[in-house]
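Now for the letters of each chain:
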Amino acid sequence: MSKKQMKLAAYLVGTGMHVASWKHPKANPKASIDVEHYKQLARVAENGKFDIAFIADSLAINEQSHPNILNRFDPIVLITALAEATSKIGIVATASTTYSEPYILARQFASVDHISRGRAGWNLVTTGDATGATAQNFGRETHEEHDVRYERAEEFIDVVQGLWDSWEDDAFVLDKEKGTFFNEEKMHQLNYKGTFFSVRGPLNIARSVQGQPVIVQAGSSPSGQRLAARTAEVVFIHKDSKEEAKKYYRSLKSQMKTFNRHPESLFILQGISPIIGRTEAEANEKYTELQHLLSPYEGLQFLSGYMGNIDFTKYPLNMLASEISFPKVNGIQSQFDEMKRIMKEEKLTVGDLYYRFVGAGRKDAFVGTPQQIADEMERWVEEGAADGFMLQCPLLPEGLEDFVQYVVPLLQEKGIYRHEYEGTTLREHLGLRKPKNRYDCSIYKGSS
């Protein structure tokens, strides 16, 4: 294959990303707690040769939360079920470094990696909680400040990856005649002591066939980019336009040399919300149908948690959003700052906010015919705005099924997307090498 190969991930969330998707006539309103629904979504994505089936998470809810997160599975438990329902596609779950402990998280993801035979990935988040409710669910008064969360995350991932190297690949001898279960020289204690963590090790599970689960992240702030440049293998972004995505792409890839990493060892996936029709008019009709299921304040209530718990109901829908006094947000700061910039530049009203910032209402929307969508995806990759895409379908399963049936064949015809999986592990799908165990290197021999 001479052309750059596009990477694809499917964001699986109940009835879809649109906050009113559960009301759609074709939707199963119990989808977010229906494991068979998720298994079928993962199989559809696997039939489309996707790299990743992705499960997001949140650790607090309130009355304004998206319906699909009010009642949902734990992500790591869910991807374990998806591992048994599929045989090729990578399965990635979200877990927080702010509200978890490294040892148990390392063990959980290593377990899924074994169960899936090397197809697991960890979406590392620091938890962007603008509401402050998450902290209260974990016995804390306040949510940790952004920079502190990332300092903790830097240590957290070092501990987790160190634990994943507790055993060399051939440590378990399993020699019944000699009575030797494992080679003691190939078991290693981590003995980590830092600002946030003190962890002895070793982990009580071996390395998997792919060595370590793939690391996925989504940070756009300077701290987030630094962590990604140092440790991430897949980065999920949600930029407002192709030009903004290009700037981020260049910025993040250029930082990797600081950590002696090659830019091709990290893939950047832009989040898109495709709506597909046989004609452009039909696609727009599907979009309009979804929007008509949503009252303006219902959409604004959903946005409230991202924007400092603003009570939008007290503002007229035709009021300029930039005139609202927004509080400081201790959440996804880069996203919040971008939203405020767009409000001012585009003179958005309060009534415009949901439609502008969520799903297919964004600029560079992927709403149209299969050919239009395939062509636009190709342009993004060719122009250096992304290495691929995270599909956040507004309506599931229809949106994902349409994409696999109608868009994937066009991408394959263009020679920019696989016809078959190249291997069996997630690293093989992505073209990533198996990480060396740190103790396999001669400099570490004899240490523990």
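Procedures and definitions
- Residues numbered from 1 in each chain as written.
- Predicted model: local features only at pLDDT ≥ 70, side-chain atom pairs only at ≥ 80, totals over all residues.
- Heavy atoms only, no water.
- Helix = DSSP H or I, 4+ residues; strand = E, 2+ residues; numbered from the N terminus.
- Buried < 20%, exposed > 50% of the residue type's maximum accessible area, 1.4 Å probe, protein only.
- Lys, Arg positive; Asp, Glu negative; His and termini not counted.
- Charge placed at Lys NZ, Arg CZ, Asp CG, Glu CD.
- Contact = heavy atoms within 4.5 Å.
- Salt bridge = Lys/Arg side-chain N within 4 Å of Asp/Glu carboxyl O.
- Phe/Tyr/Trp six-rings, centres within 6.5 Å; stacked < 30°, edge-to-face > 60°.
- Axes fitted to C-alpha atoms, helices over the stretch in contact; angles between N-to-C directions.
- Parallel < 35°, antiparallel > 145°, perpendicular 65-115°, else oblique.
- Right-handed = clockwise from strand over helix to strand, strands pointing away.
- Pairing = 2+ DSSP bridges.
- Expected span 1.5 Å × (residues − 1).
- Core = buried A, V, L, I, M, F, W, Y, C linked by side-chain atoms within 4.5 Å.

Colleague: Explain the overall build of the chain residue by residue, including any values.
Modeller: Scanning the chain from terminus to terminus reveals 15 helices and 12 strands. With the C-alpha coordinates of the chain rotated into their principal frame, the extents come out at 75 × 55 × 40 Å. Counting only residues that meet the buried cut, the chain has 57% of its 448 residues in that class. Averaging the coordinates of the 53 positive side-chain charges in the chain and doing the same for the 59 negative ones gives two points 3 Å apart.

Colleague: Outline the environment of Gly90, supporting the account with residue identities and numerical values.
Modeller: Along the chain, the position of Gly90 falls in strand β3 (residues 90-96). The exposure class of Gly90 is buried, given its relative accessible area of 0%. For the pair Gly90 and Trp122, spaced 32 residues apart in sequence, the C-alpha to C-alpha distance is 11 Å. Sequence-distant contacts of Gly90, that is, excluding residues within four places in its chain, are made with Asp51, Ile52, Ala53, Arg119, Leu426 and His429.

Colleague: How would you sum up the pattern of salt bridges? Please name residues and give values.
Modeller: For the structure shown, the criterion picks out 28 salt bridges. One salt bridge connects Lys286 with Asp402, and the closest N-O pair in it is separated by 3.2 Å. Taken together, the residues Lys286 in helix α9 (residues 280-292) and Asp402 in helix α14 (residues 398-413) connect sequence positions 116 residues apart. We classify Asp402 as buried; its relative accessible area is 14%. If you follow the salt bridges from partner to partner, you end up with Lys242, Glu243, Lys246, Glu376, Arg379 and Glu383 in one network.

Colleague: Can you explain the packing of aromatic side chains? Please cite residues and give values.
Modeller: The tally for this structure, following the rule as stated, stands at 17 aromatic pairs. Both rings, one in Trp167 and one in Phe172, keep their centres 4.4 Å apart while their planes meet at 35 degrees; by these two values the pair is tilted. Accessibility expressed as a relative area gives 8% for Trp167, which makes it buried. Owing to a relative accessible area of 28%, Phe172 belongs among the partly exposed residues under this scheme. Taking the centre distance of 6.0 Å and the plane angle of 65 degrees together, the rings of Phe366 and Phe389 count as edge-to-face. Taken together, the residues Phe366 in the loop between α12 (353-357) and β11 (367-368) and Phe389 in strand β12 (residues 388-391) connect sequence positions 23 residues apart. For the pair shown, Phe366 and Phe389 are each scored as buried. Three or more aromatic residues joined by ring pairs make a cluster, and in this case those are Phe109, Trp122, Phe156, Trp164, Phe196 and Phe197.

Colleague: Tell me about the packing of helix α6 (residues 146-164) against helix α7 (residues 222-231), and please be specific about residues and values.
Modeller: Running from amino to carboxyl end, α6 crosses α7 at an angle of 10 degrees, the nearest separation of the two axes being 10 Å. Of the possible angle classes, the one that applies to α6 and α7 is roughly parallel. Contact residues: α6 offers His146, Asp147, Tyr150, Ala153, Glu154, Ile157 and Asp158, while α7 offers Ser223, Gly224, Arg226, Leu227, Arg230 and Thr231.

Colleague: Which residues make up the pairing of strand β1 (residues 7-11), and what are the values?
Modeller: The buried fraction of β1 is high, at 5 of 5 residues. Between the parallel pair β1 and strand β2 (residues 52-55), the chain is carried across by helix α1 (residues 35-47), and the sense of this crossover is right-handed.

Colleague: Requested: an account of the sheet that holds strand β8 (residues 234-237), with residues and values cited.
Modeller: Strand order in the closed barrel made by the 8 strands is β1-β2-β3-β4-β7-β8-β9-β12, with parallel pairing throughout. The mean inter-strand angle of the sheet, taken between neighbouring strand axes irrespective of direction, is 30 degrees. Bridge analysis of β3 against strand β4 (residues 120-125) gives 6 bridges, and the strand direction is parallel. For Ile91, the partnering residue across the bridge sits in β4 and is Ala120.

Colleague: I'd like a rundown of the environment of Gly132, residues and numbers included.
Modeller: On the secondary structure map, Gly132 appears in the loop between β4 and α5 (133-137). Overall, Gly132 belongs to the buried group, its relative accessible area being 15%. Each C-alpha atom of the pair Gly132 and Thr142 lies 6.2 Å from the other, and the pair is 10 residues apart in sequence.

Colleague: Please set out the environment of Thr127 residue by residue, giving values where relevant.
Modeller: In this structure, Thr127 sits in the loop between β4 and α5. Spatially, the C-alpha atoms of Thr127 and Leu59 are 8.4 Å apart, while their sequence positions differ by 68 residues. Look past the residues within four positions of Thr127 in its chain and what remains in contact with it is Leu59, Ser96, Tyr99, Thr134, His143 and Arg149.

Colleague: Can you explain α6? Please cite residues and give values.
Modeller: Between its first and last C-alpha, α6 extends 27 Å over 19 residues, near the 27 Å set by a 1.5 Å rise per residue. With respect to burial, α6 is a largely interior element, 15 of its 19 residues being buried.

Colleague: Now, about α14: what can you tell me, with residues and values included?
Modeller: When the terminal C-alpha atoms of α14 are compared, their 23 Å separation across 16 residues agrees well with the 22 Å that a helix rising 1.5 Å per residue should span. What α14 keeps buried is the set Glu398, Gly399, Leu400, Asp402, Phe403, Val404, Val407, Val408, Leu410, Leu411 and Gln412. Those residues of α14 hidden inside the fold are in contact with β1, α1, β10 (275-276), α9, α13 (370-382) and β12. Downstream of α14 by a residue or two, Gly415 has a phi angle that is positive, lying close to 80 degrees.

Colleague: Tell me what's going on with the nonpolar core, and back it up with residues and numbers.
Modeller: Membership of the largest hydrophobic core comes to 82 residues, with the highest contact counts inside it found for Phe50, Trp122, Met377, Leu400 and Phe403. Ranked by size, the runner-up nonpolar core spans 22 residues in total, among them Leu300, Met307, Tyr315 and Phe326.

Colleague: Run through the pairing of β8, naming residues and quoting values.
Modeller: Side chains Val234 and Phe236 of β8 all project onto a buried face; the interleaved residues Val235 and Ile237 project onto the opposite face, where all are buried too. Pairing between strand β7 (residues 214-217) and β8: 2 bridges, direction parallel. Note on β8: the bridge partner recorded for Gln217 is Val235. Taken together, β8, helix α8 (residues 242-255) and strand β9 (residues 267-272) form a β-α-β motif whose crossover is right-handed.

Colleague: Could you give an account of the side chain of Lys246, with specific residues and numbers?
Modeller: Its location among the elements puts Lys246 in helix α8. With residues up to four places along the chain from it excluded, the contact list for Lys246 reads Glu383, Gly384 and Ala385.

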